[in-house]
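# Remarks on the overall topology
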Amino acid sequence: MSSPITTEPPAVGIGSAILSSRRFWFVMAAIVIGLLPMMFSDSYWRTNLIVCAINVLLAVGLDFVLGYAGQLNLGQSAFYGIGAYASTLMIIKLGMPFWLAFACGVLLAGLAGMLLSIFAVRLRGHYLAIASLGFAVITYQILLNWISLTQGPLGIYAIPPPPPLRIPGLPAIEFNNLANLFYLTAGFALLTYMLLDQLVRSPIGETLTAIREDEVSAASLGISCQKWKVLAFAISSAVAGAGGCFYASFVGTLVPDAFFITESFTILAMVIVGGMGTLIGPVLGAILLTVLPELLRGIGDLRLIVYGVSVTLVVLFMPGGMVQAGQRIAARLRRRAAASDTMSQT
């Protein structure tokens, strides 16, 4: 009687296990955030780093509702503006502390997202896109024309940065310093990414994915699609509101044109170019579409053509975005390595 054939699972190297660990990549991201202001010491690039961090917040927030829940929301600029104006008005007119105003701005943006989703929750596809775009237009018109509250096109000026962070025994951390403000904004963006990553890997993420793939089938399994859509909208709009709070304290000036509907399309482009439904993709897309126009600034108005052509080519030939392109390259390299190993063994 022949002995049974036993197979042992292939040993996984310690290096591979470390590289596949999400904790490892989060630590690497924190290290990169810490090094960037040291690598770029001039105020111009530190300003762009802060803009990158804010755009990352906007992009991952939109990806949560678009890439995972499948809801085409074109009103992200409205929630961005609500967070900025709400926190600023509470600080200037009510004398509220920054972090309390920050929390209220995020909460109000989230509530606005919930209200929009409650009315538009039965809409799908381009109908939902039109409804959310209409909400963005209405919000912009309110910010522009309610002059007694928002100052309209005159703008709100002299918005203070976040207050210094005082740690006993250490010097106060001043956020009028661009490097410190970048650490604050990028650190919050990283924390937000980690929380959203946990959400999409939990049963909540699986439920939203089921709704995205087939809403009718999800409802037949007892999933309350409307409630989960409302939750996705609320989280997405709250994250955009947080970006708006940081934007106001960073720029120091608020005008309605900063939250025009074109901002929604820019955020959407970041998500699509990076790769919807991946979280890391919108991060890459936000960084690319923030830095690329600055790198092309030397060629004048031609940069807009190059920028537009680049985005169009990515959408046409890499519909899955930069993440899909990276996966294809990695798969091709693995196949080539496997083929070379086979050749060497024979």
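Within every chain, residues take consecutive numbers counted from 1 along the sequence as written. Under the rules for a predicted model, residues below a pLDDT of 70 receive no local features and side-chain atom pairs below 80 are neither given nor counted, while totals for whole chains, interfaces and linings still include all residues. Here the side-chain values reflect all heavy atoms present in the structure, with hydrogen atoms and water set aside.

Attention now moves to the layout of surface pockets. A cavity here means a set of 1 Å grid points, computed over protein atoms only, where a 1.4 Å probe fits but cannot escape. A pocket is an open set with protein on both sides within 12 Å along at least 5 of 7 lines, and lining residues have an atom within 4 Å of a point. Grid points are joined across faces, edges and corners, and a volume is the space filled by probe spheres set on the points. Considered as a void within the structure, the largest pocket measures approximately 930 Å³ in volume. If you go around the largest pocket, you meet 27 residues; those closest to its centre are Ala-29, Ile-280, Val-283, Leu-284 and Ile-287. Contributing elements (two or more residues each) for the lining of the largest pocket: helix H2 (22-39), helix H3 (43-68), helix H8 (178-200) and helix H13 (280-295). Secondary structure is summarised from DSSP: a helix means a run of H or I of at least four residues, a strand means a run of E of at least two, and numbering begins at the N terminus for each. Here the lining of the largest pocket gets eight residues from one element, more than from any other, and that element is H2.

Predicted confidence across the protein chain gives a mean pLDDT of 85, with 93% of residues reaching 70 or more. For the stretch residues 1-13, pLDDT sits under 50, and the model shows one contact to residues farther than four places along the chain or on other chains. How sure the predictor is of each residue is captured by pLDDT, a score from 0 to 100. Whether two residues are in contact is decided by their heavy atoms, any of which lying within 4.5 Å being enough.

Turning to the packing of aromatic side chains, a few remarks are in order. For any pair of aromatic rings, geometry is given as the distance between the ring centres together with the angle between the planes. Two aromatic rings from Phe, Tyr or Trp, using only the six-membered ring of Trp, form a pair when their centres are within 6.5 Å; if the ring planes differ by under 30 degrees the pair is stacked, by over 60 it is edge-to-face, and anything between is tilted. One pass over the structure, following the stated rule, counts 17 aromatic pairs. Arranged with centres 4.8 Å apart and planes meeting at 85°, the rings of Phe-98 and Trp-99 form a pair that is edge-to-face. When the ring of Tyr-140 is compared with that of Phe-260, the centres are 4.9 Å apart and the planes differ by 70°; the resulting orientation is edge-to-face. Taken as a pair, Tyr-140 in helix H6 (residues 125-145) and Phe-260 in the loop between helix H11 (225-251) and helix H12 (262-274) lie far apart in primary sequence, 120 residues in all. With relative accessibility at 10%, the residue Tyr-140 sits in the buried group. Think of it in three bands: residues with accessible area under 20% of the maximum for their type are buried, residues over 50% are exposed, and the middle band is partly exposed, with areas taken using a 1.4 Å probe on protein chains only.

Here we take up the nonpolar core. Side-chain atoms within 4.5 Å are what join buried Ala, Val, Leu, Ile, Met, Phe, Trp, Tyr and Cys residues into a set we call a nonpolar core. Within the largest apolar cluster, 76 residues are counted, with the highest numbers of intra-cluster contacts made by Ile-54, Leu-254 and Phe-259. Residue contributions to this core peak at 14 residues, all from H3. The residues contacting Ile-54, other than those within four sequence positions of it, are Tyr-80, Thr-185, Gly-243, Phe-246, Tyr-247 and Phe-250.

When their charged atoms lie close together, side chains carrying opposite charge are able to pair. The salt bridge definition used is simple: a Lys or Arg side-chain nitrogen within 4 Å of an Asp or Glu carboxyl oxygen. According to the stated counting rule, one finds two salt bridges in the structure shown. Residue Arg-212 pairs with Glu-213 through a salt bridge whose shortest N-O separation is 2.8 Å. Under the relative-accessibility criterion, Arg-212 is labelled partly exposed at 32%. Judged by its relative accessible area of 57%, Glu-213 is exposed. Note that Glu-215 is salt-bridged to Lys-229, the shortest N-O span being 3.0 Å. Of this pair, Glu-215 sits in helix H10 (residues 215-220) while Lys-229 sits in helix H11, placing them 14 residues apart in sequence. Owing to a relative accessible area of 2%, Lys-229 belongs among the buried residues under this scheme.

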